[in-house]
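One letter stands for each residue in the lines below.
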Amino acid sequence: LAVTLRGPEDYDLTLCIVDLKSRASGSGDNADQGDGQGASSHMRTEGARAIVEWLATNPTGVETNLVLVGGTFNAYRKEDPIQTFIDANYLSLHDSSDYSVIVDAQLGLIDNSLASLTLYDCLESSTNWQVNADEPDAADYNLEGRDPTIFDPTTPFRFSDH
C-alpha cells in the first residue's frame, strides 16, 4: 500500500506500508535455513525487492524522492530483507537500542521505518514507539483462553502481536 501526501513546494511524501511474511513457517526455499533469519526469509527478501522496484516506478503517479517505508518486515536489522532496502539507498530511522518485540526475554526490531536518502537528509529526528513490545501477553487482543476483561480495546496497546 502506498500513498503520496502532497506538500508545499514539491515536498510530496510517498508513504509505503509493508507487512512481509512471518518468520514462523515455510518449506523449500522458505524453510528455516539455520542462518538466524527464520523461515520464509527468501519470500521476505523477494517481497522487499519487489517493493523497492515498485516504489522506483512512482506507483502513486506522483514523482518524489521523499519516500518512507514502514511496517512489519519480520526481519532484524542485518537480515536480507532489510539489507535489500539498504542496498537500494534507504536508511533505517532506528538506532541499535530500538526494539519492537520481546521474544524469549530478548529485545529485537522486526518492525521498521526506512527513509529514502533525500527524506533522511530532511529529517531532524525520529522516535520508536514500542506500542506492544512491553505489554504483557495477558493483555493481548487474542482472547482465546484468557480473561476478556483484561483487554481494553479503547487503548492503542496490544492491538497487534508486536
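Everything below is about the structure printed above this text.
The present account deals with the structure reproduced in this document. Source: prediction; values computed, not measured.

Here the focus is the overall build of the protein. Along the protein, the regular secondary structure elements total 3 helices and 7 strands. Overall, the protein shows an N-to-C arrangement of helices and strands of β-β-α-β-α-β-β-β-β-α. Reported as C-alpha extents along the three principal axes, the dimensions of the protein are approximately 50 × 40 × 30 Å. Out of the 162 residues in the protein, the part that is buried amounts to 37%. Sequence-distant contacts in the protein: of pairs separated by 6 or more residues, those separated by 24 or more amount to 60%. If you sum the accessible surface of the protein, you get close to 9,600 Å²; carbon and sulfur atoms cover 50% of it. For the protein, the distance from the average position of its 9 positive side-chain charges to the average position of its 27 negative side-chain charges is 4 Å.

With that settled, consider empty space enclosed by the protein. A probe matching the size of a water molecule, rolled over the atoms, marks out where space remains unfilled. Evaluation of the coordinates by the stated rule reveals 1 cavity of 30 Å³ or more. For the largest cavity, the full set of lining residues is Thr14, Leu55, Asn58, Pro59, Thr64 and Val67.

Looking now at the packing of aromatic side chains. This model, assessed by the stated rule, comprises 2 aromatic pairs. Here Phe85 and Tyr90 contribute two aromatic rings whose centre-to-centre distance is 5.7 Å and whose plane-to-plane angle is 85°, an arrangement assigned as edge-to-face. An identical accessibility class is assigned to Phe85 and Tyr90; each is buried. An aromatic cluster is present here, built from Phe73, Phe85 and Tyr90 joined pairwise through their rings.

A sheet is described by the order of its strands in space; here 5 strands give the open sequence β1-β2-β3-β7-β4, paired in mixed fashion. Each of the sheet's edge strands pairs with one partner strand only, and the pair in question is β1 (2-5) and β4 (90-92). On average, each strand axis in the sheet is tilted by 25° relative to the strand beside it, whichever way the strands run. Direction of pairing for β4 relative to strand β7 (residues 111-116): antiparallel, over a ladder of 3 bridges.

Not every positive phi belongs to a glycine, and Ser40 is a case in point at roughly 65°. Phi is positive for Asn89, which is not a glycine, with a value near 70°. In this fold, Asn89 is placed in the loop between α2 (80-87) and β4.

Among the structural elements, Asp98 can be located in the loop between β4 and β5 (101-103). An unpaired buried charge is present at Asp98: no salt bridge exists, and Arg77, the closest side chain of opposite charge, is 5.9 Å distant. There is a polar contact of 3.2 Å between the side chain of Asp98 and the side chain of His94. In this structure, Asp98 is in contact with Leu93, Leu109 and Asn128, ignoring residues within four places of it in sequence.

Criteria and thresholds
Residues numbered from 1 in each chain as written. Predicted model: local features only at pLDDT ≥ 70, side-chain atom pairs only at ≥ 80, totals over all residues. Heavy atoms only, no water. Helix = DSSP H or I, 4+ residues; strand = E, 2+ residues; numbered from the N terminus. Buried < 20%, exposed > 50% of the residue type's maximum accessible area, 1.4 Å probe, protein only. Contact = heavy atoms within 4.5 Å. Areas by Shrake-Rupley, 256 points an atom, 1.4 Å probe, with all protein chains shown as cover. Lys, Arg positive; Asp, Glu negative; His and termini not counted. Charge placed at Lys NZ, Arg CZ, Asp CG, Glu CD. 1 Å grid on protein atoms, 1.4 Å probe; cavity = no way out; pocket = protein on both sides within 12 Å on 5 of 7 lines; lining within 4 Å. Points joined across faces, edges and corners; volume = space filled by probe spheres on them. Phe/Tyr/Trp six-rings, centres within 6.5 Å; stacked < 30°, edge-to-face > 60°. Pairing = 2+ DSSP bridges. Axes fitted to C-alpha atoms, helices over the stretch in contact; angles between N-to-C directions. Salt bridge = Lys/Arg side-chain N within 4 Å of Asp/Glu carboxyl O. Polar contact = N/O pair within 3.5 Å; in protein donor to acceptor, adjacent residues only side chain to side chain.

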